[in-house]
Amino acid sequence: MDQQSQLAVILGPDPAPFETLISHLMSSSNEQRSHAEVLFNLCKQSDPDALCLRLAHLLQVCAQPETRAMAAILLRKLLTRDDSYIWPRLNISTQSSLKSVLLAQIQVENTKTLSKKLCDTVAELASSILPENGWPELLPFMFQCVSSDSPRLQESAFLIFAQLSQYIGDVLTPFIKDLHAVFLRCLSESSNADVKIAALNAVINFIQCLTSLSDRDRFQDLLPAMMRTLTEALNNGNEATAQEALELLIELAGTEPRFLRRQLVDVVGSMLQIAEAESLEEGTRHLAIEFVITLAEARERAPGMMRKLPQFISRLFAILMGMLLDIEDDPAWYTAETEDEDAGETSNYSVGQECLDRLAISLGGNTIVPVASEQLPAYLAASEWQKHHAALIALAQIAEGCAKVMIKNLEQVVSMVLNSFHDSHPRVRWAAINAIGQLSTDLGPDLQNQYHQRVLPALAAAMDDFQNPRVQAHAASAVLNFSENCTPEILTPYLDGIVSKLLVLLQNGKQMVQEGALTALASVADSSQEHFQKYYDAVMPYLKTILVNATDKSNRMLRAKSMECISLVGMAVGKEKFRDDAKQVMEVLMSLQGSQMETDDPTTSYMLQAWARLCKCLGQDFLPYMRVVMPPLLQSAQLKPDVTITSADSDNDIEDSDDESMETITLGDKRIGIKTSVLEEKATACNMLCCYADELKEGFFPWIDQVAPTLVPLLKFYFHEEVRKAAVSAMPELLRSAKLAVEKGMAQGRNETYVKQLSDFIIPALVEALHKEPDTEICASMLDALNECLQITGPLLDEGQVRSIVDEIKQVITASASRKRERAERAKAEDFDAEEGEFVKEENEQEEEVFDQVGEILGTLIKTFKASFLPFFDELSSYLTPMWGKDKTAEERRIAICIFDDIAEQCREAALKYYETYLPFILEACNDENPDVRQAAVYGLGVCAEFGGPVFKPLVGGKFCVIVEKVIYLFLI
């Protein structure tokens, strides 16, 4: 039977074939399911009315709940406003029937999961058609349901309200008074837990959609009833319902923390009471902690609010410290083969660790360090090893967020940790080493500069603990952390002792210890640079032996780390010393590259990086190896993100959810799984491509035609920041390589036309990506890369391209000013404090970097196009003039002055018309309190004096002599 005949049967008068089609869509047989999907899509294309009506009919008459559920899901997908949205294609009678059937089925459906799916379908359709008044019956129906005596109907109405709020908040706003009464009645009076949770979900979603503060305040009096939903569920022993309530309240804490402010003491107190209740399930207690941490992290919406509750911060810190004690002395920890073995660590322990880190980052050192100073000494003085361990882990976890304050108390912190190096329990010694490693990263280079004479000997001694290989391996890892923030001058006196001990560990039978030693050697070599030459002859034979012999699957990471170590040692000692060994090493790498490696083999990523370091070391001598290196590198850079999308309420978890390299996030009603290992390999490859282009310059030319089309689209790769950053950095390198190759006659017959084509491909793409970039730091990098590109190929730009750059600069200035205004508004919040002021200051410094890059780009455009750029400058003047204001930062004022300096210097006579406007600002800036501003202003005066001629003297009048003195003084100093 052909497909058209099959469709006629499926959509014909007999309902059985259609029911069979739906059951086949649920089949476990891939073949049967695929065939059914083809037929279903044909139905959708050829007769969407009949298809929708058939699905609606199934909802009404089918006896099998799973088939009815599938019909509801399929209807929802058909009515979702996406590329295949079919609602506008349906005739009016079909639309009317569907709306009636859906509402009728909500009233009669008794199966809870199916009732929820019906609500999802109604909400999906309503979100599209209600704003245009396409379903006038719906809101009266929902109010009728919530006012009924049926808990099932009440719950259904609230489920629809919750999903609709974000789409039709404006439509619901006129009903605020009615909704408030309905919510209050159900939250206060209903005895049904499901209704209360649904009402809580609805009210929280509705509060989030209200834009007016006064409208949100109307719902303040619901908060006690909202909290009772949680406490009643706990008192009734219904922890599943309590956990649902907590998850909803966490959402509210993250999005509308100020809604909780007036009753903050009661709400946070209740949450901490739950967190302290050992009789409750861990999951419940963890969610209560998550609520408080989420409030602490909601800085942008409620700056400083949680710091006003020091008694609660102390209590939460104590709870988290108690969770760190939930650790067992598992024998498997001692016999572990890898450093990431966490035997004995419980979920309590893991949550405690993570939350201490988040709490410190969100509240800062001024709040957390006093609490830690009060509580940790008792832990360190106790007899139980678990308490010593907990204190050291806590110090490591809070270091990043408390760095500035901890640096002021370095002596106390370092002594506290180093004293535990001699503890009798190996896990405590391990935790002390772990703390030193973390502190070296977070408190460096202050810690290295002041305490190297105490820390490095302690780590060297820990490497002698042959009874405890995990302690040895971790000591080697901590040497890595320490040396990364260390100058060669500090490290060199300790090299004899450290290198000799690491060589001993390299010969240890325990692979974990060998891997730690390799990583430490690599870092020590990288930090000490040419000082490492003394040890090269002793170290390199061991490294080559491991590279050649570590061929078993169990040794893959060992071999990968040997590549890393060899390449870093080679870079440290330089080409002349490394040249002979480099050839042997590259032969091994070429042979490995030709072999078939498994997808999870770490060798791939390590080899990509090792090749790039070898290139940096050997420079142009590396060119013959590029034909081997580039194909797999391009393959890695072109990897597609491994993304899985499922429904957020799907019963099926994303496949491989146990895979640690799979991260999941929920966006709306979709659950998205992303395989991070693929993204990391892609990011590494993109970084390496940039590295080759930078190092080889014109020698990289043969690869540009493959690399540019690979990297340019990645300027908008929003799955991974590192991929975008690498693509951004590579843009000027590709242009520079092409330009140098043409200039030096190495461009395989290509001329400047090719450079122009490449520029036309790269620069507009960079401008477009800049327009969409969400991250301020990457925005600054893009501006920097754009400036470099303009310096290389600026003269090749046409007027349209200059116009697009200028328009984007306007947008960048506007967006940056808007972000600063938002921060200024935050500073007016009632709880704003000095700690919050520090955060805002750091964020504003990032904005200065953006302005700095804007100034650089304008300077380059002015130098390139001179007077022909002035019409664009006229357009920009309304954006730039405010930067001269006294309310602006010194850096903004300096940048504005430098832009005018460039105009005066590069455009000369054509710039005279601006003197009357800008010279008064320049004169005033000569007395600015900031020396950089003064210097820029005086330089500008010197330029104006040189090129301003008859215009300059009348404008400055009697101040001319003073100006000359200032200019002379500037040039003398």
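What you see as residue numbers is a count from 1 along each chain, following the sequence as written. Given that the model is predicted, a residue must reach a pLDDT of at least 70 before its local features are reported, and side-chain atom pairs must reach 80 or more before they are shown or counted; all residues, however, enter totals for whole chains, interfaces and linings. Derived side-chain values reflect all non-hydrogen atoms in the structure, with water molecules and hydrogen atoms excluded from consideration.

K.L.:
Can you break down the overall build of the chain residue by residue, with the values?
P.N.:
Numbering of helices and strands runs from the N terminus, with a helix taken as a DSSP run of H or I at least four residues long and a strand as a DSSP run of E at least two residues long. When helices and strands are counted, the chain shows 46 helices and three strands. A globule of 973 residues ought to have a C-alpha radius of gyration of about 30 Å, and the chain, at 33 Å, matches this closely. With respect to the principal axes defined by its C-alpha atoms, the chain has extents near 90 × 80 × 70 Å. Burial classes: relative accessible area under 20% of the type maximum marks a residue as buried, over 50% as exposed, and values in between as partly exposed (1.4 Å probe, protein chains only). By residue count, 56% of the 973 residues in the chain fall in the buried class. Contact between two residues is taken to exist if any of their heavy atoms lie within 4.5 Å; hydrogens are not considered. Across the chain, contacts joining residues at least 24 apart in sequence account for 73% of those joining residues at least 6 apart. Approximately 41900 Å² of the chain is accessible, and the part contributed by carbon and sulfur atoms is 50%. In this count, Lys and Arg are taken as positive residues and Asp and Glu as negative ones, while His and the chain termini are left out. We put the charge of a Lys on NZ, of an Arg on CZ, of an Asp on CG and of a Glu on CD. When the 87 positive and 141 negative side-chain charges of the chain are each reduced to one mean point, those points stand 4 Å apart. Restricting the calculation to C-alpha atoms gives the radius of gyration, and the globule rule supplies 2.2 Å times the number of residues raised to the power 0.38. Note on areas: Shrake-Rupley with a 1.4 Å probe; residue coverage comes only from the protein chains shown.

K.L.:
Before we move on, can you summarise the nonpolar core with the specific residues and values?
P.N.:
For this analysis, a nonpolar core means a set of buried residues of the types Ala, Val, Leu, Ile, Met, Phe, Trp, Tyr and Cys, connected via side-chain atoms within 4.5 Å. Core analysis: the largest hydrophobic core is formed by 356 residues, its most contacted members being F158, M226, F622, Y692, F700 and F869. Counting residues per element, this core draws most heavily on helix α21 (residues 385-408), which supplies 14 residues. Non-local contacts of F158, meaning those with residues more than four positions away in its chain, are made with V146, V182, F183, C186, V195, A198, A199 and A202.

K.L.:
Outline the pattern of salt bridges, supporting the account with residue identities and numerical values.
P.N.:
Only one rule defines a salt bridge in this text: a Lys or Arg side-chain nitrogen within 4 Å of an Asp or Glu carboxyl oxygen. Within the structure shown, the criterion is met by 48 salt bridges. Two residues, E411 and R454, come together in a salt bridge whose shortest N-O distance is 3.3 Å. Of this pair, E411 sits in helix α22 (residues 410-419) while R454 sits in helix α24 (residues 446-462), and the two are 43 residues apart along the sequence. A relative accessible area of 42% means that E411 is categorised as partly exposed. Each member of the salt-bridge network shares a partner with another, and the members are E290, E297, E354 and R358.

K.L.:
Give a description of the environment of S483 that names residues and reports values.
P.N.:
Tracing the chain through its elements places S483 in helix α25 (residues 469-484). For S483, a relative accessible area of 0% gives the class buried. Spatially, the C-alpha atoms of S483 and S523 are 6.4 Å apart, while their sequence positions differ by 40 residues. Once residues lying within four places of it in the same chain are set aside, the contact partners of S483 are L491, S523, V524 and S527. Each polar contact in these results corresponds to two N or O atoms within 3.5 Å; when the atoms are within protein, one needs to be able to donate a hydrogen and the other to accept it, and residues that are neighboring in sequence are counted only if both atoms are side-chain atoms. One polar contact links the side chain of S483 to the main-chain carbonyl oxygen of L480, over a distance of 3.1 Å.

K.L.:
So what's going on with the packing of aromatic side chains? Which residues, and what values?
P.N.:
What describes a pair of aromatic rings is the distance from one ring centre to the other and the angle between the planes of the rings. Here is the rule: rings of Phe, Tyr and Trp (six-membered ring for Trp) pair when centre to centre is within 6.5 Å. Planes less than 30 degrees apart are stacked, more than 60 are edge-to-face, and the remainder are tilted. Throughout the structure, instances matching the rule amount to 24 aromatic pairs. Seen in terms of ring centroids, W611 and Y625 are 6.4 Å apart; in terms of plane orientation they differ by 35°. Their pairing is tilted. Placement of W611 in helix α32 (residues 603-618) and of Y625 in the loop between α32 and α33 (626-637) is noted, with a sequence separation of 14 residues between them. For the pair W611 and Y625, one class covers both residues: buried. With a centroid separation of 5.0 Å and 35° between ring planes, the pair formed by W884 and F921 is classed as tilted.

K.L.:
Report on the side chain of S128, specifying residues and quantitative values.
P.N.:
Relative to the helices and strands, S128 is located in helix α7 (residues 112-129). Since its relative accessible area comes to 5%, S128 is described here as buried. When sequence neighbours within four positions are dropped, the list of residues in contact with S128 reads R81 and Y85.

K.L.:
Hey, could you go over the environment of T173 for me, with residue numbers and the actual values?
P.N.:
Of note, T173 is situated in the loop between α9 (151-172) and α10 (176-189). Residue class for T173 comes out partly exposed when judged on its relative accessible area of 28%. Taking the C-alpha atoms as reference points, T173 and D215, 42 residues apart in sequence, are found 8.6 Å from one another. Residue contacts for T173: discarding those within four places in its chain leaves L210 and D215.

K.L.:
Go over the UniProt feature "domain: TOG" (unreviewed entry) in the chain, please, and point to the residues and values.
P.N.:
UniProt positions are given in the numbering used here, feature names are shortened, and annotations may be inferred rather than shown by experiment. Here the UniProt feature "domain: TOG" (unreviewed entry) sits at residues 362-599. Structurally, residues 362-599 is divided into 81% helix and 0% strand, and its ends, taken at the C-alpha atoms, are 38 Å apart.

K.L.:
Account for the side chain of T519, naming residues and giving values.
P.N.:
Within the secondary structure layout, T519 lies in helix α28 (residues 511-528). Other than its neighbours up to four places away in sequence, T519 contacts L480, K561 and E564.

K.L.:
Can you lay out the packing of helix α20 (residues 365-381) against α21 for me, pointing to particular residues and giving the numbers?
P.N.:
At a minimum axis distance of 10 Å, the contact between α20 and α21 shows a crossing angle of 160°. The angle between α20 and α21 places the two elements in the roughly antiparallel class. Classified by chirality, the crossing of α21 by α20 is left-handed. Between α20 and α21, the contacting residues are G365, N366, I368, V369, A372, L376, Y379 and L380 on the first element and K387, H388, A390, A391, A394, L395, I398, G401, C402, V405 and M406 on the second. Tallied by class, the residues present in the contact of α20 with α21 amount to 14 nonpolar, four polar and one charged. For every element, the axis is a line fit to its C-alpha atoms; helices are fit only across the contacting stretch, and the angle between N-to-C directions ranges from 0 to 180 degrees. Any angle from 65 to 115 degrees is called roughly perpendicular, while one under 35 is roughly parallel, one over 145 is roughly antiparallel, and all others are oblique. Helix crossings fall into two classes, left-handed where the near helix is turned counterclockwise from the far one by less than a right angle and right-handed where it is turned clockwise. The residue classification treats Ala, Val, Leu, Ile, Met, Phe, Trp, Tyr, Cys and Pro as nonpolar and Asp, Glu, Lys and Arg as charged. All others, Gly included, are polar.

K.L.:
I'd like a description of the packing of helix α27 (residues 495-506) against α28, backed by residues and values.
P.N.:
Where α27 meets α28, the closest approach of the two axes is 8 Å, and the angle between their N-to-C directions is 150°. By the angle class used here, α27 and α28 are roughly antiparallel. The interaxial crossing formed by α27 with α28 has left-handed handedness. On α28, the residues touching L495, I498, V499, L502, L505 and L506 of α27 are V513, Q514, A517, L518, A520, L521, V524 and S528.

K.L.:
Summarise helix α31 (residues 575-594); cite the residues concerned and give the values.
P.N.:
Bend, in this description, refers to the angle at a residue between axes fitted to the seven residues ending there and the seven starting there. Its maximal kink placed at D581, α31 deviates by approximately 45°. Residues F578, D581, A582, V585, M586, L589, L592 and Q593 constitute the buried set of α31. In the core, the buried residues of α31 are packed alongside α29 (533-549), α30 (556-573), α32 and α33.

K.L.:
Let's hear about helix α42 (residues 890-907): which residues, and what values?
P.N.:
Its 18 residues give α42 an end-to-end C-alpha distance of 26 Å, which sits within 8% of 26 Å, the value for a rise of 1.5 Å per residue. Counting buried positions along α42 gives 15 out of 18 residues, so the element sits mostly inside the fold. Once α42 finishes, R908 follows within two positions and takes phi at roughly 45°, a positive value. One fewer than the residue count of a helix, multiplied by 1.5 Å, yields its expected span.

K.L.:
Just give me the short version of the state of the cysteines, but keep the residues and values in it.
P.N.:
As used here, a disulfide is simply a covalent bond connecting the sulfur atoms of two cysteines. Our working definition of a disulfide is a cysteine sulfur pair at a distance within 2.5 Å. On inspection of all chains with the given rule, the structure shows zero disulfides. Its sulfur unpaired, C779 is 15 Å from the next cysteine sulfur, which belongs to C789. The structure places no disulfide on C898, whose sulfur is separated from the nearest cysteine sulfur, that of C944, by 13 Å. Classification of C898 as partly exposed rests on a relative accessible area of 24%.

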